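Notes for the structure review
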Amino acid sequence: MKRLTIIMPVYNEEATIVSSIRRVLATKIKNVSVNLVVVDDGSTDRTKKELAKIRDKKVRILSHRHNLGKGAAIRTALEKARGDIFVIQDADLEYDPDDLNFLLSPILDGKADVVFGSRFVGSGPHRVLYFWHRVANQAITLLCDCFTNLNLTDVETGYKAFTKAVAQQINLEENRFGFDPEFTVKVAKNNFRVYEVGISYAGRSYAEGKKIGWRDGIVALWTIIKYSLS
């Protein structure tokens, strides 16, 4: 049986972190054994106290003394975790763990090395929110597709699954949300087999704690160019 390690970066998610973890652990994922690695990325709210409530052998909790960013948290998890397959799972309840079976299927069937969960294809429910976020995402995805010659619809998705071989071969450098375009460009450069599946999406507003902003979009565009030309 394959070993699945779910990586959950978390920063100031006191309201959702326990629910997110329990939701993941309650999900029935076929043909894999599941472990969860949570990286508290220097949270300054009650996240650490909420994590202390978790008593499950399947959950490993790591922490950063200071906030370093999503990419840095993922690197920390990959350095410590063991598994045949890895999945990034946000801690904010926007992504439904029930979709993990769809996300993992191309890898478990031996067809893919990397699978992106797209919020813009498929028949799952999608919360309607920010128009300009959609425009920015499409611009980032289009530029990334131009440089990589992939035909993805959602480069910035929080749901990405990949094999151990991908984790070992790709040297990740970006600390913050630049992780997503960097990962995509390096996956394409290494000629890994890429699939995309439709997922549901319960996006949240800034009032509900959404963190990514327009500056991260600019960094994403620069990151695509930077790693494509290096």
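Rules of the game
- Residues numbered from 1 in each chain as written.
- Predicted model: local features only at pLDDT ≥ 70, side-chain atom pairs only at ≥ 80, totals over all residues.
- Heavy atoms only, no water.
- Helix = DSSP H or I, 4+ residues; strand = E, 2+ residues; numbered from the N terminus.
- Rg over C-alpha atoms; globule rule 2.2 N^0.38 Å.
- Buried < 20%, exposed > 50% of the residue type's maximum accessible area, 1.4 Å probe, protein only.
- Contact = heavy atoms within 4.5 Å.
- 1 Å grid on protein atoms, 1.4 Å probe; cavity = no way out; pocket = protein on both sides within 12 Å on 5 of 7 lines; lining within 4 Å.
- Points joined across faces, edges and corners; volume = space filled by probe spheres on them.
- Nonpolar A, V, L, I, M, F, W, Y, C, P; charged D, E, K, R; others polar.
- Polar contact = N/O pair within 3.5 Å; in protein donor to acceptor, adjacent residues only side chain to side chain.
- Pairing = 2+ DSSP bridges.
- Axes fitted to C-alpha atoms, helices over the stretch in contact; angles between N-to-C directions.

On to the overall build of the protein, then. Looking only at helices and strands, the protein features eight helices and seven strands. Its C-alpha radius of gyration of 16 Å places the protein within 12% of the 17 Å reference for a compact globule of 230 residues. Its C-alpha atoms give the protein principal-axis dimensions of roughly 45 × 40 × 35 Å. With 230 residues in all, the protein has 50% of them scored as buried. Contacts spanning at least 24 positions in sequence make up 78% of the contacts within the protein whose residues lie at least 6 apart.

Counting across every chain of the model gives one cavity of 30 Å³ or more. Around the largest cavity sit Leu78, Phe162, Val166, Ala167, Ile170, Leu172 and Phe183, which together line it. The class makeup of the residues in the lining of the largest cavity is seven nonpolar, no polar and no charged.

Turning next to the side chain of Arg119. Structurally, the position occupied by Arg119 is in the loop between β5 (114-118) and α5 (131-148). Taking relative accessible area as the criterion, Arg119 reaches 12% and is therefore assigned buried. Side-chain polar atoms of Arg119 contact the side chain of Asp154, separated by 2.7 Å.

Here we come to the sheet that holds strand β6 (residues 160-163). Pairing within the open sheet is mixed, and its seven strands lie in the order β3-β2-β1-β4-β6-β5-β7. Both edges of this open sheet fall to β3 (59-64) and β7 (194-198), since each of them pairs with a single strand only. Strand-to-strand twist of the sheet, defined as the mean angle between neighbouring strand axes without regard to direction, takes the value 20°. Bridge analysis of strand β2 (residues 32-41) against β3 gives six bridges, and the strand direction is parallel. Counted as the bridge partner of Asp41 is His64 from β3. Those strands touched by helix α1 (residues 17-26) are β1 (2-10), β2 and β3, and its axis lies near 170° from that of β1. The strands touched by helix α3 (residues 70-80) are β1, β2, β3, β4 (85-88) and β6; relative to β3, the strand with the most contacts, the crossing angle is about 130°.

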